[in-house]
Amino acid sequence: MDVGGNGGGLPVNNKQRAMIPNKSRGEFTRNPRKDSEGLSESPDLEFEYADTDKWAAELSELYSYTEGPEFALNRKCFEVEFRTHVAEKKWTELGAAEHRAHAMRLLDGLEVIAREKRLKVARAILYMAQGTFADCSSEAEVQHWMRYNIFLLLDVGAFSALVELLNMEIDNSAACSSAVRKPAISLADSTDLRVLLNIMYLMVETIQQDDPADKPEWKIIRETFKTELGSPLFNNEPISVMLFGMVTKFCSGHAPHFPMKKVLLLLWKSILFTLGGFEQLQSIKVCKREQMGLPPLPEDSIRVVRSMRAASPPASASDLIEQQQKRARREHKALIKQDNLDAFNEKDPYKADDSREDEDDNDDNDNSIEGETFPLERDEVMPPPIPHPPSERVSFPKGLPWAPKVREKDIENFLESSRSKFIGYTLGNDTDTVVGLPRPIHESIKTLKQHKYVSIAEIQIAKEEEFQKTPLSGGEEEVELSSTELLYQGILPSLPQYMIALLKILLAAAPTSKAKTDSINILADVLPEEMPTTVLQSMKLGVDVNRHKEIIVKAISAILLLLLKHFKLNHIYQFEYMAQHLVFANCIPLILKFFNQNIMSYITAKNSISVLDFPYCVVHELPELTAESLEAGDNNQFCWRNLFSCINLLRILNKLTKWKHSRTMMLVVFKSAPILKRALKVKQAMMQLYVLKLLKVQTKYLGRQWRKSNMKTMSAIYQKVRHRLNDDWAYGNDLDARPWDFQAEECALRANIERFNSRRYDKNHSNPDFLPVDNCLQSVLGQRVDLPEDFQMNYDLWLEREVFSKPISWEELLQ
């Protein structure tokens, strides 16, 4: 059996592995096209990016299919307790007072010393949180009772009791040492932890769903719970910090039995609930800009991305062969001289040229299989000056989706180069003096200033510089203790370890990772006690293991993205601190490794068995599972969680590399361009946008040949990615292309981050030069000084040795 400490391989033997179809090994592929028209005819993926999937999907992902028999066990534990105290009635038939009395009774039962009894009571509470499903006839009814029961449990104080029990289990050294010694860990090793984490997750996930039909008192309970969850009320730290501690303990090897998927899901939902999702981030950004006196955002980015359409993916091999045959037929036409071609390449690559119109269809074939077929002709992007008759015109886009932006630094650089070119002198940072410059330069500066964008980060950096320059006269900084600030303060001491731990688990869960003996075992809460004996059981476990890994990737990608976005809004140096530690922990090559797979296979993977998903499986009679029904999977066009993970990871990569020259060069060094181009095959506008952004920042370093061979990709970048006026991304003659001291850039950033953290959070090690000094002789001599006991006993000796026996030259003292 292959169940050793690896996070990669399937827990079945070689004979069984041979019997498992490719699908269960994460190699499921499907051919969405039935005709010979190519993939460009396939429709866009109907995917709506949001903070989370639908509520039912998020509930079902909490449980692995191996946990299925435990639903009946929870029900049994509840009914034993219920029948003892309540007459033969259903839970759904009782009144509110009886419901509350029984919930309080169960809560008291959690305080018993005997572990077995405590576990039974915890299972009864879990059954309540699962919606007392035996009394329900539909999934909607289960969800209704879940919401009712969870608000009831929260109201009687169940969450605090669960946190205390969870702390006890984390510190349970006997369980940890027994798990470390075991050769193979299974579901049974994490029973207590799983029950507690299940209840806590169901409570957080249910309460964070805002339902307009909620009673007024529920709305108050919800807001109070949200504040408490983000405050340092549990062990003097927010709940998220406690969960981060579990992640590092698991990765260090001291607690291999921790059910990591559940911990990560609870961590993600706690951060999402306390800090807010993408919509809340947008509104916080708008408010902050208003407070800082900055102009409003040029557009609502969420709305712009949602309205985008996907471009067609790269061509298939058959399309490329067809194009090559067309090119061969064209060779009979008049040949163009090589020097004319070179002259063309020196021109604007977006300018349409009728003599080259036919050639442009196939300019990707220089790269053979790497070619693209974006249906974006050059004259769509920048129309030629010669007007065509209406019948020949291609329909133009109504406009670019994003308003262009310019930084203050770009205006300064433009003015400096113009002054040195036309006048021969420079003025430093002056962006107003235009004396002696030609009229067109005046117009250019006016246009640049119209589109100038000042970010919140720039204001924060300027303020921080001011605090560092004037530590005494700058005054005290007022730090708003928001949930984000409290979380940053909580994770600051161990943030590097948390980032390394998350990336270790992400590596173990990535489908491209090979099973290694030294990698961490992330399958502790999915492997059954007894290994499968039939092919059907092996197939089911295979699906379960792949699904388990996908859910872990989804949770980690969402946690990292949410933290990066919230820290960036709260303070830029909080974001930079986290981002730098992710880069130091090799996050950039790890994400590229993740995308270096058949990404279409990953996005269309069918690693789920819908009849076993909660709450479907507890309401309906389960049909008999067969190999065919496992093979079939669901009928969805794609897997929501996998597409969500891919977009999150691309967004994280964008956040880490934006405006960081040294990190952009890492993308080039790790040869990310072909990997990212393959990801463009996914016809989803948002995913394509973030891929094109990553290609845009490195285009100038990929060489002229790459740009010539990928003109369709260049056109797509032009159409979909925001323009930075004066940005020379498409040519490669930017100053940034010169040799660069990458280490110096990161070191300077690190020094700024350390100064910020030390000034704001390190109160014990304040600079002694800036501490207030008491110069009044009377108050200094009047201070009471507590001398140590041994000094008081030997005071006479000290006087003799240090004072009386040493000659004092009073003349020198007076001088």
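Keep in mind the model is a prediction, meaning the values are calculated, not measured. (Residues numbered from 1 in each chain as written. Predicted model: local features only at pLDDT ≥ 70, side-chain atom pairs only at ≥ 80, totals over all residues. Heavy atoms only, no water.)

A. Fine view of the overall build of the protein chain. Counting its regular elements, the protein chain contains 40 helices and zero strands. Residue burial in the protein chain is summarised as follows: out of 815 residues, 50% are buried. Long-range pairs, those at least 24 residues apart, make up 80% of the contacts in the protein chain between residues at least 6 apart in sequence. (Helix = DSSP H or I, 4+ residues; strand = E, 2+ residues; numbered from the N terminus. Buried < 20%, exposed > 50% of the residue type's maximum accessible area, 1.4 Å probe, protein only. Contact = heavy atoms within 4.5 Å.)

B. Representation of the packing of aromatic side chains in the model. Considering all chains together, one arrives at 31 aromatic pairs under this definition. Seen in terms of ring centroids, Phe71 and Phe133 are 6.3 Å apart; in terms of plane orientation they differ by 90 degrees. Their pairing is edge-to-face. Taken together, the positions of Phe71 in helix H3 (residues 70-85) and Phe133 in the loop between helix H5 (115-129) and helix H6 (139-155) put the pair 62 residues apart, joining distant regions of the chain. For the pair shown, Phe71 and Phe133 are each scored as buried. (Phe/Tyr/Trp six-rings, centres within 6.5 Å; stacked < 30°, edge-to-face > 60°.)

C. How the structure looks around the packing of helix H9 (residues 191-208) against helix H12 (residues 260-275). Axis separation between H9 and H12 bottoms out at 9 Å; the angle between their running directions is 25 degrees. Of the possible angle classes, the one that applies to H9 and H12 is roughly parallel. Here the hand of the crossing between H9 and H12 comes out left-handed. For the pair H9 and H12, contact is made by Arg194, Leu197, Asn198, Met200, Tyr201, Val204, Glu205, Ile207 and Gln208 and by Lys262, Val263, Leu265, Leu266, Lys269, Ser270, Leu272 and Phe273, respectively. When its residues are assigned to classes, the contact of H9 with H12 shows 10 nonpolar, three polar and four charged. (Axes fitted to C-alpha atoms, helices over the stretch in contact; angles between N-to-C directions. Parallel < 35°, antiparallel > 145°, perpendicular 65-115°, else oblique. Left-handed = near helix turned anticlockwise from the far one by under 90°. Nonpolar A, V, L, I, M, F, W, Y, C, P; charged D, E, K, R; others polar.)

D. Focus on H9. Here H9 contains 18 residues, and its C-alpha end-to-end distance of 26 Å stays within 8% of the 26 Å for a straight helix at 1.5 Å per residue. Most of H9 sits inside the fold, with 18 of its 18 residues counted as buried. (Expected span 1.5 Å × (residues − 1).)

E. Summary view of empty space enclosed by the protein. Evaluation of the coordinates by the stated rule reveals five cavities of 30 Å³ or more. Leu110, Arg115, Arg118, Leu119, Ala122, Leu165, Glu169, Asp192 and Leu196 are the residues that line the largest cavity. Contributions of two or more residues to the lining of the largest cavity are made by H5, helix H7 (158-170) and H9. With four residues, the top contributor of residues to the lining of the largest cavity is H5. Across the lining of the largest cavity, the residue classes tally to five nonpolar, no polar and four charged. (1 Å grid on protein atoms, 1.4 Å probe; cavity = no way out; pocket = protein on both sides within 12 Å on 5 of 7 lines; lining within 4 Å. Points joined across faces, edges and corners; volume = space filled by probe spheres on them.)

F. Spotlight on the layout of surface pockets. Space inside the second largest pocket adds up to approximately 1100 Å³. Lining the second largest pocket are 43 residues; nearest its centre among them are Asp53, Lys54, Ala56, Ala57 and Trp640. Counting residues per element, the ones that place at least two in the lining of the second largest pocket are helix H2 (55-60), helix H10 (216-230), H12 and helix H30 (640-657). Partitioning the lining of the second largest pocket into residue classes produces 15 nonpolar, 12 polar and 16 charged.

G. View of the confidence of the model for the protein chain. Mean pLDDT for the protein chain: 82, with 81% of residues reaching 70 or above. Of the regions scoring below 50 in pLDDT, residues 1-41 engages in 92 contacts with residues more than four places distant in sequence or in other chains. In this model residues 332-397 is a low-confidence stretch, pLDDT under 50, and it forms 114 contacts with partners more than four residues away in sequence or in other chains. (pLDDT = per-residue confidence, 0-100.)

H. Just the nonpolar core, in detail. Ranked by size, the top nonpolar core spans 193 residues in total, and within it Phe159, Leu264, Ile505, Phe595 and Met687 carry the most contacts. Tallying contributions element by element places helix H24 (residues 535-570) first for this core, with 16 residues. Apart from residues lying up to four places away in sequence, Phe595 is in contact with Cys646, Leu649, Leu650, Ile675, Ala679 and Met687. (Core = buried A, V, L, I, M, F, W, Y, C linked by side-chain atoms within 4.5 Å.)

I. Summary view of the pattern of salt bridges. A full pass over the atoms with the stated rule returns 39 salt bridges. In this structure, the salt-bridge partner of Asp214 is Arg147, at a minimum N-O distance of 2.7 Å. Here Asp214, found in the loop between H9 and H10, pairs with Arg147, found in helix H6; they are 67 residues apart in sequence, far enough to count as distant. A relative accessible area of 8% means that Asp214 is categorised as buried. A salt bridge links Glu802 to Lys806; the shortest N-O distance between them is 3.8 Å. Look at Glu802 and you get partly exposed, because its relative accessible area is 33%. (Salt bridge = Lys/Arg side-chain N within 4 Å of Asp/Glu carboxyl O.)

J. Expanded view of the side chain of Arg147. By relative accessible area, which is 8% here, Arg147 ends up buried. Once residues within four sequence positions are removed from consideration, Arg147 is found in contact with Thr206, Gln209, Asp210, Asp211, Asp214 and Trp218.

K. Layout of the packing of helix H33 (residues 685-698) against helix H35 (residues 711-720). At a closest axis distance of 10 Å, the pairing of H33 and H35 adopts a crossing angle of 110 degrees. The orientation of H33 relative to H35 falls into the category roughly perpendicular. Read as a crossing pair, H33 and H35 show a hand that is left-handed. Note on element contacts: H35 touches H33 through Thr713, Ala716, Ile717 and Lys720, opposite Gln688, Leu689, Leu692, Leu695 and Lys696. For the contact of H33 with H35, the residue count by class is five nonpolar, two polar and two charged.

L. Broad picture of helix H32 (residues 672-679). Counting buried positions along H32 gives six out of eight residues, so the element sits mostly inside the fold. Ser672, Ala673, Ile675, Leu676, Lys677 and Ala679 are the residues of H32 that are buried.

M. Summary view of the side chain of His257. Here His257 lies in the loop between helix H11 (239-251) and H12. Residue His257 is classed as buried on the basis of its relative accessible area of 2%. Not counting residues up to four positions away in its chain, the partners in contact with His257 are Ala175, Cys176, Ala179, Ile185, Asp189, Ser190, Leu193 and Ala524.

N. Region of the structure containing the environment of Lys449. Within the fold, Lys449 resides in helix H20 (residues 439-450). Take Lys449: its relative accessible area is 35%, and that puts it in the partly exposed class. In this structure, the C-alpha to C-alpha distance between Lys449 and Lys405, residues 44 residues apart in sequence, is 9.5 Å.

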